[in-house]
Amino acid sequence: MTNPVLCVDTTALDTPYHDKLHGTGNRVIRKFVEQGGWYLGLCAGGYYGSARIDFSDGDPEMEIKAARELSFIPGTAIGPRYPGFCYHDNSGERVATVSVPGSSEDILRVYFNGGCYFTVSEGGCMVLFEYSDVVSPAVVGCVVGRGRAVLSGVHPEVTAEELMDPTHLDTVMEQLHRHASDSLRVLSTIFNFLETT
C-alpha cells in the first residue's frame, strides 16, 4: 500500500460507527491498518479507535462505558475532556491548548468540542500532544502491525473559516483565526508520525 489514509471525523458520538461496523467492518479496518494503512481518528474517531470508551460518566442521558473492537491503543478514551459539551448546539466548544510532551512553553491552540483524553498504560504508543492546562494525552500515535494509527481528542483540521456561522462562538473563531498556524503544526506532526516507516 502507498500512503493510504482512513479518516474518521465527526462530533463526540462514536455509537453510529459501532452500530454499523461492529464485527466484520471493524475487522476490515483493523486488517487494513495492520497491512500498512493509516487510521486517523479525530474526536469521535479517537474514541472509536481506543480499546475502551468512558464518555460523560454519571450523565444518565449521555453516558457510554464500553469496549471498542479496533483497540489501536490499549487504553481508554475518557471524555469530554472539558465540561459543557452538548449534542444539540456548540455551547461547549472551545479552544484547547496542547503542547508536545516536555515542551510546555510552546503552547498550541486548536478547536475542541466534546473530545477526550487517553489513558495509555502499556507500551507501543507515543503521546504526540498533551493538554497543557491539566496534563493528559490529547493526541496519541501507535504502530499497528505494518501500519499506524493516530487518535486525537482535539480537532486540528477545523479552521476559523469553517466556523463562520451564527451557531459558533465568536471568541472561539477569533482565537482560531489569531493562531491559525497552530493547527497546521499539529497536523504536520500527526502526518509526520503516520509517514514514518
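Below: a short report on this structure. Worth saying up front: this structure is predicted, and the values here are computed from it rather than measured.

### Let's talk about the packing of aromatic side chains
The relative placement of two aromatic rings is captured by the distance of their centres and the angle of their planes. Evaluated as defined, the whole model comprises nine aromatic pairs. When the ring of Tyr-17 is compared with that of Tyr-48, the centres are 5.7 Å apart and the planes differ by 50°; the resulting orientation is tilted. Residue Tyr-17 is located in helix 1 (residues 15-21), and its partner Tyr-48 is located in helix 3 (residues 44-48); the two are separated by 31 residues in the primary sequence. Exposure class is identical for Tyr-17 and Tyr-48. Each is buried. Seen in terms of ring centroids, Phe-55 and Tyr-87 are 6.2 Å apart; in terms of plane orientation they differ by 40°. Their pairing is tilted.

### Some thoughts on unusual backbone geometry
The linkage connecting Gly-79 with the following residue, Pro-80, adopts the cis geometry, with an omega of -5°. In this fold, Pro-80 is placed in the loop between strand 5 (73-79) and strand 6 (94-99). At Ser-56, a residue that is not glycine, the phi angle is positive and equals roughly 55°. Within the fold, Ser-56 resides in the loop between strand 3 (50-55) and strand 4 (64-67).

### Let's talk about the environment of Ser-136
Take Ser-136: it is sitting in strand 10 (residues 136-144). Sequence separation of Ser-136 and Ser-50 is 86 residues, and the distance between their C-alpha atoms is 15 Å. Contact partners of Ser-136, with chain neighbours within four places excluded, come to Arg-81, Tyr-117, Glu-130 and Tyr-131.

### Points about the nonpolar core
Counting residues in hydrophobic clusters, the biggest one holds 24 residues, and the most contacted among them are Tyr-39, Phe-55, Phe-72 and Phe-118. Of all the elements in the fold, those that place two or more residues in this core are helix 2 (24-34), helix 3, strand 3, strand 4, strand 5, strand 10 and strand 11 (147-152). Setting aside its immediate chain neighbours within four residues, Phe-72 contacts Ile-29, Arg-30, Val-33, Tyr-39, Gly-49, Cys-125, Cys-142, Val-144 and Ala-149.

### Here we look at the pairing of strand 10
Remark: a regular strand shows side chains that alternate across the two faces of the sheet. When you tally the buried positions in strand 10, you get eight out of nine residues, the bulk of the element. The pairing of strand 9 (residues 125-131) with strand 10 spans six bridges and is classified as antiparallel. Bridge pairing links Met-126 to Gly-141 in strand 10. Where strand 9 hands over to strand 10, the hairpin turn is made up of four residues, counted between the paired strands.

Parameters and conventions
- Residues numbered from 1 in each chain as written.
- Predicted model: local features only at pLDDT ≥ 70, side-chain atom pairs only at ≥ 80, totals over all residues.
- Heavy atoms only, no water.
- Phe/Tyr/Trp six-rings, centres within 6.5 Å; stacked < 30°, edge-to-face > 60°.
- Helix = DSSP H or I, 4+ residues; strand = E, 2+ residues; numbered from the N terminus.
- Buried < 20%, exposed > 50% of the residue type's maximum accessible area, 1.4 Å probe, protein only.
- Contact = heavy atoms within 4.5 Å.
- Core = buried A, V, L, I, M, F, W, Y, C linked by side-chain atoms within 4.5 Å.
- Pairing = 2+ DSSP bridges.

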